[in-house]
Every structure is written in C-alpha cells, then in structure tokens.
Amino acid sequence: SEMLALEGITKAYNRGKPAEVTVLRGATLSVARGEVVALVAPSGAGKSTLLHIAGLLDTPDTGVVRLAGRDMGGLGDRARTEARRGQVGFIYQFHHLLPEFTALENIVLPQLANGASRRVAEARAMDLLGRVGVAARASHRPAALSGGEQQRVAFCRALANAPQLLLADEPTGNLDPGTSEQVFGALMELVRETGLSALIATHNMDLAARMDRVVRLDQGRVV
Ligand code: ADP
Ligand code: ADP
C-alpha cells in the first residue's frame, strides 16, 4: 500500500509578482510502504520544494498530498504539524544538530517534545546510535564529531520519533566520496531494518542505483 502520494503538484514562488518562478508543474509521485525511492535532479530543479511539500512543511498551489492514505489538503496548521511530527523524519545536507547539546541529547529532545519519558528516550537514542556505529560518541557535542559522525547522529534524530516516512535532501552531499559511501550504507541499513519508506534526493547516481526505484525531476514534473 502507499505511504506517500503526490498528485499533480504545482508550486510557484513570488506568485503574481515580476519575480514569479514556477518550480513544480504537475509533479506526480508515490512511495509504497517499505519502498526507498531516489529523487534525482540538477540543482535548482525543485527537489527541496518537493520534499518540503511531501513533508508538510510547505503547501502546494494545486494538487493532492496523501500520507498513509490520508488527504492532507483540508488540514489546518495544527493538524498538519501533528501529522508531520508523528509520521515524517527529515534529514538535510547539513546536519543542523543543536551545537550546545550532546549527540545523545540531540536525539532525546525531539522524543521528550513528543511526550516520551527520559528513560525511554535515552534507551531509544542509544539503540539508534549503536545501529549506526556511533554509540561511543553519545556524550560528545557535534563540534567534536567528524562530518560523517555528525550526519549519522542526524539520521538517528530523524528516526527518533519512529516516523513511517523518511525524507532526505542530499543526506551525504557535504561528505567526501569515501565517507559518503560509508554513511549512506549505514543509513540504508537503518532504513531497511526499520521497514521505513523513504524519498531520498541525491546527485550521486551510484547511491541512487542502490535504492528500489529512481525518479527524475525534469521541467517541474516527475519522470
Ligand atoms: P533544488 O532543491 O532542486 O536545488 P529548490 O526546490 O531549492 O531546488 O528550488 C527550486 C527553484 O525555486 C530555484 O530556482 C530556487 O531559486 C527557487 N526558490 C526556492 N525557494 C524559493 C523561495 N522561497 N522564494 C523564491 N524562489 C525560491
Ligand atoms: P519542533 O517544533 O518539535 O521543533 P517541527 O514540527 O517544527 O518540530 O519540525 C519537524 C521537523 O521539520 C524538524 O526536523 C525540523 O527541523 C523540520 N523543519 C521545521 N520547519 C522547517 C522549515 N521551515 N524548513 C525546513 N525544515 C523544517
């Protein structure tokens, strides 16, 4: 069954102004439960816009967004935020970890915000860190970690609240090729073990080829 469906999505920035730029022109895409889809496109093609719409961070001008079969169109801001928190995890090119907190706390805090007890949150954070091979770094702040370790911690944070859908925007884009390969491998293991659905934007065709399906964003449409 389908985890994410985007149907006929259109999006323009600065609508009605001289600087109007149309980014999406009827993009249609679905991700099945447990499926990992690569989203490939040149820079500026609208990958981030599409991911933000899929993750309920932004709304399309027209078109339908369904998460787990539920139409997100009629929801108010509060219901959208709740749907996002409960179902979607994000990973960005740059980790965006909180610099003043340890790796562990960065994974614990979103769980506390979601109503978990500290005991459960810490146990889950340690389990996730162990799965991506950075348990020994739990008490370090991000600045003390390598780029690859920082990104592994960011993966754990994205999965902290057990989302059903992972959205990733160039998740290894700022790492050197060798590190990128290792860190991507760790991400894919984590995704497969947890049975997550994922939509992962990447420029790297070698990484894209390891996903279940590759889609391209071309002229505002998914091909
Ligand atoms: P990608 O992630 O593929 O690089 P984006 O979705 O970030 O592409 O951007 C697609 C296009 O929309 C680009 O031309 C970008 O400059 C433009 N754009 C993105 N965000 C905004 C915004 N907030 N206001 C105006 N234009 C934007
Ligand atoms: P919280 O309020 O608990 O910090 P949110 O529901 O605001 O969480 O955000 C959920 C996820 O979406 C977080 O990973 C956050 O970093 C990301 N996020 C929120 N707003 C934006 C935005 N405007 N652009 C990109 N990412 C965002």
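For the structure, check the block above.
The shown structure was predicted, so the numbers you read here are calculated from the model rather than taken from an experiment.

**A few points about helix α1 (residues 47-54)**
For an α-helix the count is 3.6 residues per turn, leaving residues at separations of three or four pointing the same way. Along α1, 6 of the 8 residues are buried, which leaves the element largely enclosed by surrounding structure. Just past α1, the residue L56 takes up positive phi, approximately 65°.

**Section: the nonpolar core**
Counting 40 residues, the largest nonpolar core has I107, L129, V153, L166 and I200 as the members making the most contacts within it. With 7 residues, helix α6 (residues 177-194) is the single largest residue contributor to this core.

**Topic: the environment of A123**
With respect to the helices, strands and loops of the structure, A123 is situated in helix α4 (residues 118-131). Taking relative accessible area as the criterion, A123 reaches 46% and is therefore assigned partly exposed. As for A123 and L104, which are separated by 19 residues in sequence, their C-alpha atoms are 9.8 Å apart.

**What about unusual backbone geometry?**
For L56, which is not glycine, the phi torsion reads 65° and is therefore positive. For L56, a relative accessible area of 3% puts it in the buried group.

**Brief notes about the sheet that holds strand β8 (residues 197-201)**
Within the open sheet, the 6 strands sit side by side as β6-β7-β8-β3-β9-β10. Their pairing is mixed. Every interior strand has two partners, whereas the edge strands, β6 (88-91) and β10 (221-222), have only one. Alignment of strand β9 (residues 213-218) against β10, held across 2 bridges, turns out to be antiparallel. Paired with D218 across the bridge in β10 is R221. On top of the sheet, helix α5 (residues 147-158) reaches β6 and β7 (165-169); it is set at about 165° to β6, its chief contact.

**Observations regarding helix α3 (residues 103-113)**
Every buried residue belonging to α3 is among A103, L104, E105, N106, I107, V108 and Q111, and all of these are buried. Buried positions along α3 lie against α4 and α5. Immediately beyond the C-terminal end of α3, within one or two residues, lies G115, with a positive phi of roughly 100°.

**Concerning the pattern of salt bridges**
Once the charged atoms of two side chains with opposite charge are near each other, the side chains can pair. The final tally for this structure, using the stated rule, is 13 salt bridges. With a shortest N-O distance of 3.0 Å, R66 and E7 are connected by a salt bridge. Of this pair, R66 sits in strand β4 (residues 62-67) while E7 sits in strand β1 (residues 2-13), and the two are 59 residues apart along the sequence. Linked through salt bridges whose partners overlap, the residues forming this network are E2, E7 and R66.

**Things to note about the site of ligand 1**
Contacts to ligand 1 come from Y13, N14, V21, V23, P42, S43, G44, A45, G46, K47, S48 and T49. Residue G44 places a main-chain N or O atom 2.7 Å away from an oxygen atom belonging to ligand 1. Residue S48 places a side-chain N or O atom 2.7 Å away from an oxygen atom belonging to ligand 1. Listed by contribution, the elements that provide at least two residues to the shell around ligand 1 are β2 (21-32) and α1. Counting residues per element, the shell around ligand 1 draws most heavily on α1, at 3 residues. The class makeup of the residues in the shell around ligand 1 is 5 nonpolar, 6 polar and 1 charged.

Cut-off values and rules
Residues numbered from 1 in each chain as written. Chains lettered and ligands numbered in written order. Predicted model: local features only at pLDDT ≥ 70, side-chain atom pairs only at ≥ 80, totals over all residues. Heavy atoms only, no water. Buried < 20%, exposed > 50% of the residue type's maximum accessible area, 1.4 Å probe, protein only. Helix = DSSP H or I, 4+ residues; strand = E, 2+ residues; numbered from the N terminus. Core = buried A, V, L, I, M, F, W, Y, C linked by side-chain atoms within 4.5 Å. Pairing = 2+ DSSP bridges. Contact = heavy atoms within 4.5 Å. Axes fitted to C-alpha atoms, helices over the stretch in contact; angles between N-to-C directions. Salt bridge = Lys/Arg side-chain N within 4 Å of Asp/Glu carboxyl O. Near = heavy atom within 4 Å. Polar contact = N/O pair within 3.5 Å; in protein donor to acceptor, adjacent residues only side chain to side chain. Nonpolar A, V, L, I, M, F, W, Y, C, P; charged D, E, K, R; others polar.

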